[in-house]
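# Coordinate inspection notes
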Amino acid sequence: MADTAPTARQRSPLAHAADRLAAATRSSGGAVRLAELPFLAQVNVRLDAKSPAADAVGLALGLPLPLEPDTVVRAGDLTAVWLGPDEWLVVGRPGAQRDLESRIRSAAGADPVSVTDVSAQRTTVLVAGPRARDLLSHGCPLDLHPRAFGPGRCAQTTLARTQVVLVARDEARAGFWVLVRSSFAGYLTDWLLDAAVEYG
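Presented here is an overview of the structure given in this document. (Residues numbered from 1 in each chain as written. Predicted model: local features only at pLDDT ≥ 70, side-chain atom pairs only at ≥ 80, totals over all residues. Heavy atoms only, no water.)

## Some details on the overall build of the chain
The helix and strand inventory of the chain stands at 5 helices and 10 strands. Relative to the globule expectation of 16 Å for 200 residues, the C-alpha radius of gyration of the chain, 18 Å, shows essentially globular dimensions. Oriented by its inertia axes, the alpha-carbon framework of the chain measures out at about 60 × 55 × 30 Å. Counting across all 200 residues of the chain, residues that qualify as buried make up 48%. (Helix = DSSP H or I, 4+ residues; strand = E, 2+ residues; numbered from the N terminus. Rg over C-alpha atoms; globule rule 2.2 N^0.38 Å. Buried < 20%, exposed > 50% of the residue type's maximum accessible area, 1.4 Å probe, protein only.)

Here it is as structure tokens:
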């Protein structure tokens with residue numbers, strides 16, 4: 001018998017804003033680029049940074065967990081974001097969260113580790129282009145000058161009074177990831193679009 005159960009199509013938190021983000025990108029003439037990067041796998045990892053498990057997890061993922069505060073390590077399609085002395089966010093391609101969880105748990109072995117899939121908790125907004133830092137500086141209390149917040153840096157901060165994880169991407173002209181809770185994504189997008197009018 002055929003399966004007649006309806007299947008719900010996954011909808012990203014900012015699907016309704018895709019056209020507006022694209023229009024803001026076009027109207028800025030390339031000064032800023034705004035887009036949602038939906039459904040990225042996001043796995044929160046907590047373990048003792050000095051334990052054998054930390055090294056084992058790094059080997060299993062193919063990238064070391066960053067030990068320097070507010071830094072990011074990237075290898076292939078994985079990014080490890082430092083959140084605290086014993087906490088990281090591992091970000092990967094959409095749909096990879098179960099594989100990441102399994103690899104991390106297996107690598108940690110008997111050592112204490114907490115591995116939590118938080119992919120549905122946040123979405124990611126890409127803010128790129130030559131004026132990306134200027135745009136973010138309108139609503140972020142951090143010094144975003146490249147000397148203070150250059151490629152490979154990250155921070156848990158606020159943007160337009162919204163809690164975010166801000167990541168300065170390390171690829172050429174890659175801009176920033178703004179990881180924001182799904183429930184605040186619409187508000188933050190409205191703020192970004194309003195601020196981006198300056199560059200239109």
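Now that the structure has been shown, the text picks up again.
## Thoughts on the packing of aromatic side chains
Per the counting criterion, the structure on display carries 1 aromatic pair. Considering the side-chain rings of F149 and F176, the 6.4 Å spacing of their centres and the 15° angle between planes classify their relative orientation as stacked. Residue F149 is located in the loop between α4 (132–137) and β8 (154–159), and its partner F176 is located in strand β10 (residues 176–181); the two are separated by 27 residues in the primary sequence. With respect to class, F149 is no different from F176; both count as buried. Sitting above the plane of the W177 ring, R169 keeps its charged end 3.8 Å from the centroid. (Phe/Tyr/Trp six-rings, centres within 6.5 Å; stacked < 30°, edge-to-face > 60°. Lys NZ or Arg CZ within 6 Å of the ring centre and 35° of its normal.)

## Points about the packing of helix α2 (residues 52–61) against helix α3 (residues 97–108)
Taken N-terminus to C-terminus, the directions of α2 and α3 make an angle of 140°; their axes are 8 Å apart at the nearest point. Overall, the two elements α2 and α3 adopt an arrangement that is oblique. Our pair here, α2 against α3, has a crossing hand that is right-handed. Two secondary-structure elements touch here, α2 through A53, A56, V57, A60 and L61 and α3 through L100, R103, I104, A107 and A108. Grouping the amino acids of the contact of α2 with α3 by side-chain chemistry returns 9 nonpolar, no polar and 1 charged. (Axes fitted to C-alpha atoms, helices over the stretch in contact; angles between N-to-C directions. Parallel < 35°, antiparallel > 145°, perpendicular 65-115°, else oblique. Left-handed = near helix turned anticlockwise from the far one by under 90°. Contact = heavy atoms within 4.5 Å. Nonpolar A, V, L, I, M, F, W, Y, C, P; charged D, E, K, R; others polar.)

## A word on the side chain of S12
Relative to the assigned elements, S12 resides in the segment before α1 (18–27). Within the structure, the side chain of S12 is placed 2.7 Å from the side chain of E36, a separation counted as a polar contact. Those residues in contact with S12 that sit more than four places away from it in its chain are E36, P38 and F39. (Polar contact = N/O pair within 3.5 Å; in protein donor to acceptor, adjacent residues only side chain to side chain.)

## Observations regarding the sheet that holds strand β7 (residues 122–128)
Taken in spatial order, the 5 strands make up an open sheet running β1-β7-β10-β9-β8, and their pairing is antiparallel. Of all strands in the sheet, those bounded by a partner on one side alone are β1 (33–37) and β8. For this sheet, the mean angle separating the axes of adjacent strands, direction not counted, is 30°. Across 6 bridges, the pairing between β7 and β10 is antiparallel. Along β10, the bridge assignment pairs R122 with R181. In this fold helix α5 (residues 182–196) packs onto β1, β7, β8, β9 (162–168) and β10, with an angle of close to 135° to the strand it touches most, β10. (Pairing = 2+ DSSP bridges.)

## Structural notes on the sheet that holds strand β3 (residues 72–75)
Strands sit in the order β3-β4-β5-β2-β6 across an open sheet of 5 strands; the sheet is antiparallel. A single partner strand is all that each edge strand has here, and the edge strands are β3 and β6 (114–117). The average angle at which neighbouring strand axes cross in this sheet is 20°, direction not considered. Here strand β4 (residues 78–84) pairs with strand β5 (residues 87–92) via 5 bridges, running antiparallel. Counted as the bridge partner of W82 is W88 from β5. Those strands touched by α3 are β2 (41–46), β4, β5 and β6, and its axis lies near 20° from that of β2.

## Here's the deal with unusual backbone geometry
If you check the backbone angles, F39 has positive phi at about 65° while not being a glycine. Note on placement: F39 falls in the loop between β1 and β2. For A160, which is not a glycine, the phi torsion comes out positive at approximately 55°. Assessed through its relative accessible area of 8%, A160 is described here as buried.

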